[in-house]
Each structure stands twice: as structure tokens, then as C-alpha cells.
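Listed here are the chains, written in short residue letters.
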Amino acid sequence: MAMRPDDHRRKWDREEYERLAEERIKEEKAQKDDSENKKKGPPIKRELLKTREYKVDLDSKLGKSIVINKNTPTSQSGGYYCNVCDCVVKDSINFLDHINGKKHQRNLGMSMKVERSNLDSVKQRFEMNKKKMEEKKKEYNMAAHMQEIAEEEEKLKEYRREKRKEKRKADEMEEQEPPNELATIMGFTGFGSSKKK
């Protein structure tokens with residue numbers, strides 16, 4: 001390409017830049033293929049979603065004041081701390097949403113898919129719930145039974161107290177002698193002490 005001396009415009013070598021563009025396109029395509037191959041590698045097998053076996057603690061910090069400064073660890077700062085995801089959520093509703101959410105479940109190693117129920121699993125679940133109900137009834141009956149026993153013992157004690165009082169009164173009546181005439185005239189019942197025999 002010949003350049004004229006009075007032309008100050010820059011001239012581009014089209015063939016060289018076409019070659020560079022083709023090389024760049026090839027490199028991008030190779031990188032894209034590599035990343036797709038890495039992503040398409042063996043899929044991560046996650047567990048199916050299960051019910052929580054622990055009670056979520058939302059009330060322990062309720063109504064308490066905490067002093068927070070720069071050095072306070074995130075787990076003790078204000079709000080609800082998730083130790084699985086290492087994050088702090090400011091209120092209970094968002095904390096429940098986070099615990100039930102996709103990110104938290106993935107960190108626990110579970111997918112958001114639920115196990116498909118069949119007849120046998122439903123029957124087992126009914127049996128398990130039935131056993132739980134029976135245990136609760138037994139516990140309740142045991143508590144009611146213990147209360148009845150305590151009431152009966154209290155009535156028995158009261159009955160014994162009354163019997164003792166009646167016996168004492170009967171003993172006192174027997175011990176009293178007919179009043180002496182002289183003692184009655186003088187205004188007192190006896191010369192003995194107040195001690196019981």
C-alpha cells in the first residue's frame with residue numbers, strides 16, 4: 001500500500017486484522033468449549049429434601065439487648081446467624097425464608113426435590129404418627145394418675161388428722177373429773193398442773 005505524502009490518515013492492513021480477528025474467535029470458541037465440558041462433567045448428586053429434625057430457635061434472643069462494636073464476631077451481631085451459610089439475617093421471617101431457601105439447602109447438600117411418596121411410605125408414616133399419639137396419651141394418663149394419687153394421699157392425711165383430734169378430745173373428756181365443791185366455790189377447777197398425763 002502506497003501512502004501519499006499529503007494524506008495523513010492512518011491506513012489499516014485489512015488482511016492482518018482479519019487474521020487476528022479469526023485467531024481471537026478461535027480462542028474464544030476453545031475457551032467456551034472447555035468451560036462447557038467442565039460444567040457438563042459428572043453432575044453432583046444431592047440428597048432429596050428432608051424434614052427438619054430440630055426446632056428452629058427464634059425466641060432465645062427475643063427482647064434482649066446486645067452491645068455491638070467493630071470487633072464483635074458476625075455470629076454474635078444483631079439478627080439471626082446461619083452457621084451453614086455464614087450469614088446474618090436481620091429478622092425472623094427472612095431467617096425462615098433463608099433456611100427454607102435454595103442456597104441454604106444446597107449448602108446442606110440437598111436439592112429442592114422432594115421424595116416421591118408411595119403407598120408403603122404413607123402407611124409407615126401413619127403408623128409412626130399413631131404411635132406418637134399413643135405415647136402422648138400414655139404420658140397424659142401417667143400425669144393424671146400421679147395427680148390422682150397425690151390427691152388421695154392428701155385426703156388420707158386429712159382423715160388421719162381428724163381422727164387424731166377426735167381421739168384427743170375423747171381422752172380429754174375422760175380425764176376430766178367431776179368438779180370438787182370447794183374448788184367450784186373458790187373459782188378454779190383443780191390444783192394440778194396443765195400438763196397432760
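Per chain, the residues get numbers from 1 upward, laid out in the order the sequence is written. pLDDT decides what is reported in this predicted model: residues at 70 or higher carry local features, side-chain atom pairs at 80 or more are listed and counted, and totals for whole chains, interfaces and linings draw on all residues regardless. Water and hydrogen atoms play no part in the side-chain values, which are based on all heavy atoms of the structure.

### Digging into the overall build of the protein chain
Here is step 1: Here a helix means four or more residues in a row that DSSP labels H or I, a strand means two or more in a row labelled E, and each is numbered from the N terminus. Per the secondary structure count, the protein chain includes 5 helices and 4 strands.
Here is step 2: Scanning the protein chain from its N terminus toward the C terminus, one meets helices and strands in the order α-β-β-β-α-α-β-α-α.
Here is step 3: For the protein chain, with 197 residues in total, the buried portion stands at 8%.
Here is step 4: Within the protein chain, contacts between residues separated by at least 24 positions form 35% of all contacts whose residues are at least 6 apart in sequence.
Here is step 5: Areas reported here follow the Shrake-Rupley algorithm with a probe of radius 1.4 Å; residue values treat only the protein chains shown as occluding. Surface exposure of the protein chain reaches about 19,600 Å², of which carbon and sulfur atoms provide 52%. Summary of the burial criterion: residues with accessible area below 20% of their type's maximum are buried, those above 50% are exposed, and those between are partly exposed, where the area comes from a 1.4 Å probe applied to protein chains only. Throughout, a contact is declared for two residues whenever any of their heavy atoms are within 4.5 Å.

### Re the nonpolar core
Soluble globular proteins tend to bury their nonpolar side chains together.
Here is step 1: Put simply, a nonpolar core is a bunch of buried Ala, Val, Leu, Ile, Met, Phe, Trp, Tyr and Cys residues held in one set by side-chain atoms that sit within 4.5 Å of each other. With 7 residues, the main nonpolar core is built from Val56, Tyr80, Cys82, Cys85, Val89, Phe95 and Ile99.
Here is step 2: Elements that contribute at least two residues to this core include exactly strand 2 (80-82) and helix 2 (92-99).
Here is step 3: If sequence neighbours within four positions are ignored, Tyr80 has contacts with Asp57, Leu58, Cys87, Val88, Val89, Lys90, Asp91, Ser92 and Phe95.

### A word on helix 2
Here is step 1: Buried within helix 2 are the following residues: Phe95, His98 and Ile99. In a view along the axis of helix 2, the buried residues occupy a sector of 95°, so they form one face of it. Exposed side of helix 2, more than 90 degrees from the buried face: Ile93 and Asp97 are the residues found there.
Here is step 2: The inward-facing, buried residues of helix 2 abut strand 2, strand 3 (87-89) and helix 3 (102-107). An arc is given here, and it is the one of the directions from the helix axis to the C-beta atoms.

### A look at a nonpolar patch on the surface
Here is step 1: Patch members must show over 30% relative accessible area and no salt bridge, and they are joined within 9 Å when carrying like charges or within 5 Å when they are nonpolar side chains of Val, Leu, Ile, Met, Phe, Trp or Tyr. Between Lys or Arg on one side and Asp or Glu on the other, a salt bridge is scored when a side-chain nitrogen of the former is within 4 Å of a carboxyl oxygen of the latter. Where nonpolar side chains cluster on the molecular surface, the patch consists of Trp12, Tyr17 and Leu20 and spans about 330 Å² of accessible area.
Here is step 2: Tracing the sequence through the fold places Leu20 in helix 1 (residues 14-39).
Here is step 3: Look at Leu20 and you get partly exposed, because its relative accessible area is 38%.

### As for the environment of Leu108
Here is step 1: Tracing the chain through its elements places Leu108 in the loop between helix 3 and strand 4 (110-114).
Here is step 2: Considering only alpha carbons, one finds Leu108 and Glu47, 61 residues apart in sequence, at a separation of 9.2 Å.

### So, the confidence of the model for the protein chain
Low pLDDT marks regions whose predicted coordinates should not be analysed in detail.
Here is step 1: The predictor rates its confidence in each residue with pLDDT, a number between 0 and 100. Mean pLDDT for the protein chain: 82, with 85% of residues reaching 70 or above.
Here is step 2: Here helix 5 (residues 181-186) is the element of the protein chain with the lowest mean pLDDT, 70, and helix 2 is the one with the highest, 92.

### Quick look at the UniProt feature "domain: U1-type" (unreviewed entry) in the protein chain
Here is step 1: The UniProt feature table records "domain: U1-type" (unreviewed entry) at residues 77-111.
Here is step 2: Helix makes up 40% of residues 77-111 and strand makes up 23%, while its end C-alpha atoms are separated by 30 Å. UniProt positions are given in the numbering used here, feature names are shortened, and annotations may be inferred rather than shown by experiment.

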